[in-house]
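Residue-level structure breakdown
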Amino acid sequence: MLGSIATRWKRLVLIAAAAMLAFAMAGAASTANAATVKTKARTAKPTIVFVHGAFADSSGWNAEIAKLRSLGYPVIAAPNPLRGLTGDADYVRSILQTLSGPIVLVGHSYGGAVITNAARGVANVKALVYVGAFVPDKDETVGNVLDPQKYPGSLIGPDTTIGRPFPNPAAPNGVNVDVYIKPESFRSVFAGDVAAGTAALMAATQRPLAFSANNDPSGEPAWKTLPSWDLITLADHAIPPAGQRFMAERAHAHIRTVDSSHAVMVSHPGAVVGIVLDAVSHVS
């Protein structure tokens, strides 16, 4: 009888020990899985989101997209409506809000004003990269951020642009105007270091900026709370380089320069990729 009890007791001890071992192993596996998830979260590559400016479209970023994708980065080229700064920023922000993980937001020209506002309130935007861009402060507009007397050199004006009216119930008299660069002026204004044939195609496919967008005031700028980078285009005939530097220094941006026309994303994609990767290295 005593022997039978002892045998049953040994069996119970062995069963309990086996259960404890299994529980410990499961806990270790769970801890390891959690650690793996955390490691992956820390090492996940940020999504690079490009925002084009006026007189351009998302295809201008093709070379940058191809290079960054080859390096394993997820990339989106957000379509910029070019209808008005507030609405354009709201639209780009709606895209950002669908993305998980860190984001590096890149804006060219008028797209710089858009990212300045679109990043506001999106916690996973970790850096702003300006490329030959406007970098407005609160209440400034694209039309008044740079005094042409203090920062001369822009060739954008009545002699180089054409306006095409379009219906807009929100505009005065129900009509707004789309502004294009004249085809014969496009290369000198926008793409001086781009091959003539390529510049002609860019002129034919350019997307216009609604005239009213020039007067739409910027909100609280995201560059006041986010680290920023700025690639200044030294041969720019659209946004004067000295004006670009003024805005970049005011935003305390990490500044690089390139001897490029305004179409830097087409003529010097390596410089654009370089500054984007610099931003990534500082925020990853």
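Residues numbered from 1 in each chain as written. Predicted model: local features only at pLDDT ≥ 70, side-chain atom pairs only at ≥ 80, totals over all residues. Heavy atoms only, no water.

Comments concerning unusual backbone geometry
Positive phi outside glycine occurs at phenylalanine 55, with the angle close to 65°. Take phenylalanine 55: it is sitting in the loop between strand E1 (47-51) and helix H2 (62-70). (Helix = DSSP H or I, 4+ residues; strand = E, 2+ residues; numbered from the N terminus.)

Here we look at the nonpolar core
One finds Ile48, Phe50, Leu128 and Phe190 to be the most contacted residues of the largest nonpolar core, which totals 74 residues. Apart from residues lying up to four places away in sequence, leucine 128 is in contact with Leu105, Ile115, Ala119, Ala222, Trp223, Leu226, Pro227, Ser228 and Trp229. (Core = buried A, V, L, I, M, F, W, Y, C linked by side-chain atoms within 4.5 Å. Buried < 20%, exposed > 50% of the residue type's maximum accessible area, 1.4 Å probe, protein only. Contact = heavy atoms within 4.5 Å.)

What about the packing of H2 against helix H9 (residues 269-283)?
How two helices sit against one another is set out by the angle between their axes and by the gap between those axes. H9 packs onto H2 with a crossing angle of 50° between their chain directions and a minimal axis gap of 9 Å. As far as their axial angle goes, H9 and H2 are oblique. Seen from above, H2 lies across H9 with right-handed handedness. For the pair H2 and H9, contact is made by Ala63, Glu64, Lys67 and Leu68 and by Pro269, Val272, Val273, Val276 and Leu277, respectively. Across the contact of H2 with H9, the residue classes break down as 7 nonpolar, no polar and 2 charged. (Axes fitted to C-alpha atoms, helices over the stretch in contact; angles between N-to-C directions. Parallel < 35°, antiparallel > 145°, perpendicular 65-115°, else oblique. Left-handed = near helix turned anticlockwise from the far one by under 90°. Nonpolar A, V, L, I, M, F, W, Y, C, P; charged D, E, K, R; others polar.)

Re the environment of isoleucine 95
Structurally, isoleucine 95 is set in helix H3 (residues 85-96). Between the alpha carbons of isoleucine 95 and valine 49 there is a distance of 9.4 Å; along the sequence they are 46 residues apart. When residues no more than four places from it in sequence are discounted, the contact partners of isoleucine 95 are Ala78 and Pro79.

Some points on the packing of aromatic side chains
Tallied over the full model, the rule gives 3 aromatic pairs. Consider the rings of phenylalanine 50 and tryptophan 61, whose centres lie 4.5 Å apart with planes at 25°: the pair is stacked. Of this pair, phenylalanine 50 sits in strand E1 while tryptophan 61 sits in the loop between E1 and H2, placing them 11 residues apart in sequence. On the basis of relative accessibility, which here comes to 1%, the residue phenylalanine 50 falls in the buried class. The class for tryptophan 61 is buried, based on a relative accessible area of 1%. Above the face of the tyrosine 73 ring, lysine 45 is positioned so that its terminal group lies 4.4 Å from the ring centre. Taking NZ or CZ as reference, arginine 164 lies 4.5 Å from the ring centre of tyrosine 180, over its face. (Phe/Tyr/Trp six-rings, centres within 6.5 Å; stacked < 30°, edge-to-face > 60°. Lys NZ or Arg CZ within 6 Å of the ring centre and 35° of its normal.)

Digging into the sheet that holds strand E4 (residues 125-131)
With respect to topology, 6 strands assemble into an open sheet ordered E2-E1-E3-E4-E8-E9, the strand pairing being parallel. Two strands lie at the open edges of the sheet, namely strand E2 (75-78) and strand E9 (254-258), each paired on one side alone. Adjacent strand axes in the sheet meet at a mean angle of 20° when their direction is disregarded. With 5 bridges joining them, E1 and strand E3 (residues 103-108) adopt parallel strand pairing. What sits directly across from isoleucine 48, in E3, is valine 104. Those strands touched by helix H7 (residues 241-250) are strand E8 (228-233) and E9, and its axis lies near 170° from that of E8. (Pairing = 2+ DSSP bridges.)

A closer look at the confidence of the model for the chain
Per-residue confidence for the chain averages 89 on the pLDDT scale, and 85% of its residues sit at or above 70. In the predicted structure, residues 1-6 sits below a pLDDT of 50 and forms 0 contacts with residues beyond four places in sequence or in another chain. Segment residues 34-42 is flagged for pLDDT under 50; beyond a separation of four residues in sequence, or across chains, it makes 0 contacts in the model. (pLDDT = per-residue confidence, 0-100.)

As for the packing of helix H5 (residues 183-190) against helix H6 (residues 196-205)
As a packed pair, H5 and H6 sit with axes 9 Å apart at the nearest point and diverge in direction by 115°. H5 and H6 meet at a crossing whose hand is right-handed. Of H6, the residues touching H5 (which contributes Pro183, Phe186, Arg187 and Phe190) are Ala196, Ala199, Met202 and Ala203. Residues that form the contact of H5 with H6 fall into these classes: 7 nonpolar, no polar and 1 charged.

Quick look at the sheet that holds strand E5 (residues 161-167)
Spatial strand order, E5-E6-E7: 3 strands in an open sheet with antiparallel pairing. In this open sheet, the two strands that pair with only one neighbour each are E5 and strand E7 (209-210). Both strand E6 (residues 175-181) and E7 contribute to a ladder of 2 bridges, which runs antiparallel. What sits directly across from valine 179, in E7, is leucine 209.

Re H5
For H5, the set of buried residues is Ser185, Phe186, Val189 and Phe190. An end-on view of H5 places all buried positions within 125° of arc, on one side of the element. Packing partners of the buried residues in H5 comprise E3, E6, H6 and helix H8 (264-267). (Arc of directions from axis to C-beta.)

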